[in-house]
Amino acid sequence: MDKSQETKMENLVESLLQSYEEHEIIRNIDSDNRLNRQLIIDILEMVRQVLFPGYFEDKKLKSGTIRYHVGELLENIDYGLTKQVEKALNYAKSHEGKSEKENRRMAEEIVQKFLQRLPWLRDMLAKDVQAAYDGDPAAYNTDEVIFSYPGVFAISVNRIAHELHILGVPMIPRIMTEYAHNLTGIDIHPGAALGEYFFIDHGTGVVVGETTEIGNNVKLYQGVTLGALSTRGGQSLRSTKRHPTLKDNVTVYSGASILGGETIIGEGAVIGSNAFITSSVPDHTRVSIKNPELQFKVRGSVQTQELGQEGFFNRKEKD
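Attention here is on the structure that accompanies the text. (Residues numbered from 1 in each chain as written. Predicted model: local features only at pLDDT ≥ 70, side-chain atom pairs only at ≥ 80, totals over all residues. Heavy atoms only, no water.)

## Considering the overall build of the chain
Counting its secondary structure elements, the chain contains eight helices and 16 strands. For 319 residues, the compact-globule estimate of 2.2 N^0.38 gives 20 Å, and the chain exceeds it by more than 25% at 25 Å. Scored against the burial criterion, the 319 residues of the chain give a buried share of 41%. On the chain, roughly 18700 Å² of surface is accessible, and the fraction owed to carbon and sulfur atoms is 48%. Charge-centre separation for the chain: the mean point of 36 positive side chains lies 2 Å from the mean point of 44 negative side chains. (Helix = DSSP H or I, 4+ residues; strand = E, 2+ residues; numbered from the N terminus. Rg over C-alpha atoms; globule rule 2.2 N^0.38 Å. Buried < 20%, exposed > 50% of the residue type's maximum accessible area, 1.4 Å probe, protein only. Areas by Shrake-Rupley, 256 points an atom, 1.4 Å probe, with all protein chains shown as cover. Lys, Arg positive; Asp, Glu negative; His and termini not counted. Charge placed at Lys NZ, Arg CZ, Asp CG, Glu CD.)

What follows is the structure in C-alpha cells.
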C-alpha cells in the first residue's frame, strides 16, 4: 500500500471513529454484556434436539446411549443459556440497581425453570405435529412434517422462545424467533400465546403480533396477518393489548388481515382469503369478501365471470 492509500485509509478510519461517537445507538463497544447471537442459535438448536430426539443430530441415536446424550445436551444448554441470560439481565436491568450477583442468581433460576418445562413443551409440539399431519393431505407422514414443514419449525421455535419470554428474559426470545422468521418467512413474536394443535400451512408471509392470543385447533394459511390497528403511538403502546384473539377451532385463509386488540374471532369461525377484519366476529361465522369479477376480451366480445368459492359462474357476454 503506497503512501496516498495509507493516508486515505487513515482518514476513513478516523471518519468511522467519529461516526461511532456520533451514533452510539448502533455501536456496542466495551460492553461486558454483549449477547452472542450465534451461540443463542446454537443453544436453540440443542433445545430442538432434546425436544425432537433423533431428527436433527449429526449422528444416529441409540437407546443404549440416549440417557448420556440427553444429559450432555442439558448440561450444555444449562451452562450456555445461563451465561447468555445473565448477560441479557445485566444489560437490561442495569438501571434497576441490581447487582451482577443478583442477576446471576436470577439467570440460574430462570434457566432451571425453563428446563423443567421441556417435557411439557414436548407434549405441545407432539400435538402441533399431529395437527400439521392431520390438516394437510399432502403430508406423507409425521417425519416429513418435522423435517420439512416451515410452520412446524416456526411454531416450535416460538414455543421455546415464549417460555423464556414469560420468564422475563430480555432480547434472547426475540433473537430466536427472528432466526426462525429469517428462515421461514413466518414472523411470530415470542409474546404471542399459542394454543394446542396449532397449524400454519405453507406459512410464507404470516405475521403474528406480540399480544395475539390463539386458542386450540387453529389453522392459518400463508399471508395471514394478526396485527395491530395502528402503531403510531410507538413505545407508549407497550404492554397494551394491540393484537387480536382467535378462539378455538378458527380457520383463517390466505391473505386475510385481522387487526386490533379488541378484535375477537369467535369459536369455529372461518375467515376467507383476503378478508380485512377490524371488529369481532361471532362464533361459527363464515366471513368472505364479495366475489370479484374477472373480465376476458375474446374476438370483439367481452366475457365476464364471477369468481365464487367453487369456481366460475354467472357467465355474461357483452358486445
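The discussion continues.
## With respect to the sheet that holds strand E8 (residues 251-252)
Pairing is parallel across the open sheet formed by five strands, whose spatial order is E2-E5-E8-E11-E13. Strands with a single pairing partner mark the edges of an open sheet, and in this sheet they are strand E2 (199-200) and strand E13 (286-287). Of the pairings in the sheet, the one linking strand E11 (residues 270-271) to E13 comprises two bridges and is parallel in character. From the neighbouring strand, Ile271 faces E13, where its bridge partner is Val287. (Pairing = 2+ DSSP bridges.)

## Digging into the side chain of Asp136
Summarising the element assignment, Asp136 is placed in the loop between helix H5 (118-135) and helix H6 (142-148). Put simply, Asp136 is tucked away with no salt bridge, and the nearest opposite charge, on Lys219, sits 6.8 Å away. Once residues within four sequence positions are removed from consideration, Asp136 is found in contact with Tyr149, Phe199 and Asp201. (Salt bridge = Lys/Arg side-chain N within 4 Å of Asp/Glu carboxyl O. Contact = heavy atoms within 4.5 Å.)

## With respect to the sheet that holds strand E7 (residues 245-246)
Strand pairing in a sheet relies on backbone hydrogen bonds, with the paired strands running either antiparallel or parallel. Spatially, E4-E7-E10 is the arrangement adopted by the three strands of the open sheet, whose pairing is parallel. In the strand order of this sheet, the two ends are held by strand E4 (213-214) and strand E10 (264-265), each with one partner.

## Let's talk about the environment of Arg299
Looking at the element boundaries, Arg299 is found in the loop between strand E14 (293-298) and strand E15 (301-308). Under the relative-accessibility criterion, Arg299 is labelled exposed at 87%. With 147 residues separating them in the primary sequence, Arg299 and Val152 have C-alpha atoms 49 Å apart.

## Quick word on unusual backbone geometry
Trans peptide bonds make up the majority, and among non-glycine residues the majority have a negative phi. Its identity is not glycine, yet Asn217 carries a phi of approximately 60 degrees, on the positive side. Residue position: Asn217 is located in the loop between E4 and strand E5 (219-220).

## A closer look at the packing of helix H2 (residues 37-51) against helix H7 (residues 150-166)
The geometry of H2 relative to H7 is characterised by a closest axis approach of 11 Å and an angle of 105 degrees between their N-to-C directions. Considering their axes alone, H2 and H7 lie roughly perpendicular with respect to each other. Contacts between H2 and H7 involve Leu44, Glu45, Val47, Arg48 and Leu51 from the former and Phe153, Ser156, Val157 and Ile160 from the latter. When the residues that make up the contact of H2 with H7 are grouped by side-chain class, the tally is six nonpolar, one polar and two charged. (Axes fitted to C-alpha atoms, helices over the stretch in contact; angles between N-to-C directions. Parallel < 35°, antiparallel > 145°, perpendicular 65-115°, else oblique. Nonpolar A, V, L, I, M, F, W, Y, C, P; charged D, E, K, R; others polar.)

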